[in-house]
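# Architecture at a glance
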Amino acid sequence: MVSALLHIGQNEDAFGECYVLGTGRPLSMKRAAEMVVDSAGSGSIELVEWTESWEEIRRGDVATDPSKIERQLGWSTDVALQEGLERTFEFYRENDEYL
């Protein structure tokens, strides 16, 4: 994400544009949560039944489409989600003043 933000900030063609960052590969919400817990080294996931009040909420997998930033600015991710999560947790473990 940092490399994308730097790339966007240094490219005048990006002014006023909105971009989606990601790999373009779908990922279930459950798997994303598992990756966060694994990277954190602690925590747990609790699956709960959907209540009637939640029925209108769209749920399911997450799939991002980064084709616009790839096409317009030539940027694509070079860090896998798991690695990015691990780097993020490592940073905050070493720099807790930012928490």
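See the structure shown above.
What you see is a predicted model; the values in this text were computed from it and never measured.

## Focus: helix α2 (residues 29-40)
With twelve residues, α2 extends 17 Å from end C-alpha to end C-alpha; this agrees with the ideal 16 Å at 1.5 Å per step. Of the surrounding elements, those touching the buried residues of α2 are α4 (81-94). The first or second residue beyond α2 is G41, which carries a positive phi of 80 degrees.

## Overview of the pattern of salt bridges
In the structure shown here, the tally under the stated rule is five salt bridges. Ionic pairing is found between R31 and D38, a salt bridge with its closest N-O pair at 4.0 Å. A single network of salt bridges, built from pairs that share partners, joins K30, R31, E34 and D38.

## A closer look at a nonpolar patch on the surface
A surface patch of nonpolar side chains, about 370 Å² in accessible area, is lined by V48, W50, W54 and I57. Residue placement: I57 occurs in the loop between α2 and α3 (67-73).

## Remarks on the side chain of S39
Tracing the backbone through its elements, the reader meets S39 in helix α2. Setting aside its immediate chain neighbours within four residues, S39 contacts Q82, L85, E86, F89 and R93.

## As for the packing of aromatic side chains
Taken as a whole, this structure holds two aromatic pairs when the rule is applied. When the centroid spacing of 5.1 Å and the interplanar angle of 85 degrees are considered together, the rings of F91 and Y92 count as edge-to-face. Ring centres of F91 and Y98 lie 5.7 Å apart, and the angle between their planes is 25 degrees; this geometry places the pair in the stacked category. The class for F91 is partly exposed, based on a relative accessible area of 36%. A relative accessible area of 54% places Y98 in the exposed class. One aromatic cluster is present, formed by F91, Y92 and Y98 through successive ring pairs. A cation sits over an aromatic face here: K68 above Y19, 5.3 Å from the ring centre.

## Section: the environment of A40
If you trace the backbone, A40 turns up in helix α2. Put simply, A40 and G84 are 44 residues apart on the chain and 12 Å apart in space, counted from C-alpha to C-alpha. Residues contacting A40, with those up to four places away along its chain left out, are F89 and R93.

What counts, and where the lines are drawn
Residues numbered from 1 in each chain as written. Predicted model: local features only at pLDDT ≥ 70, side-chain atom pairs only at ≥ 80, totals over all residues. Heavy atoms only, no water. Helix = DSSP H or I, 4+ residues; strand = E, 2+ residues; numbered from the N terminus. Expected span 1.5 Å × (residues − 1). Contact = heavy atoms within 4.5 Å. Salt bridge = Lys/Arg side-chain N within 4 Å of Asp/Glu carboxyl O. Patch = residues over 30% accessible without salt bridge, like charges linked within 9 Å, V, L, I, M, F, W, Y side chains within 5 Å. Areas by Shrake-Rupley, 256 points an atom, 1.4 Å probe, with all protein chains shown as cover. Phe/Tyr/Trp six-rings, centres within 6.5 Å; stacked < 30°, edge-to-face > 60°. Buried < 20%, exposed > 50% of the residue type's maximum accessible area, 1.4 Å probe, protein only. Lys NZ or Arg CZ within 6 Å of the ring centre and 35° of its normal.

Note that every value here comes from positions in space, so none of it alone points to a role or purpose.
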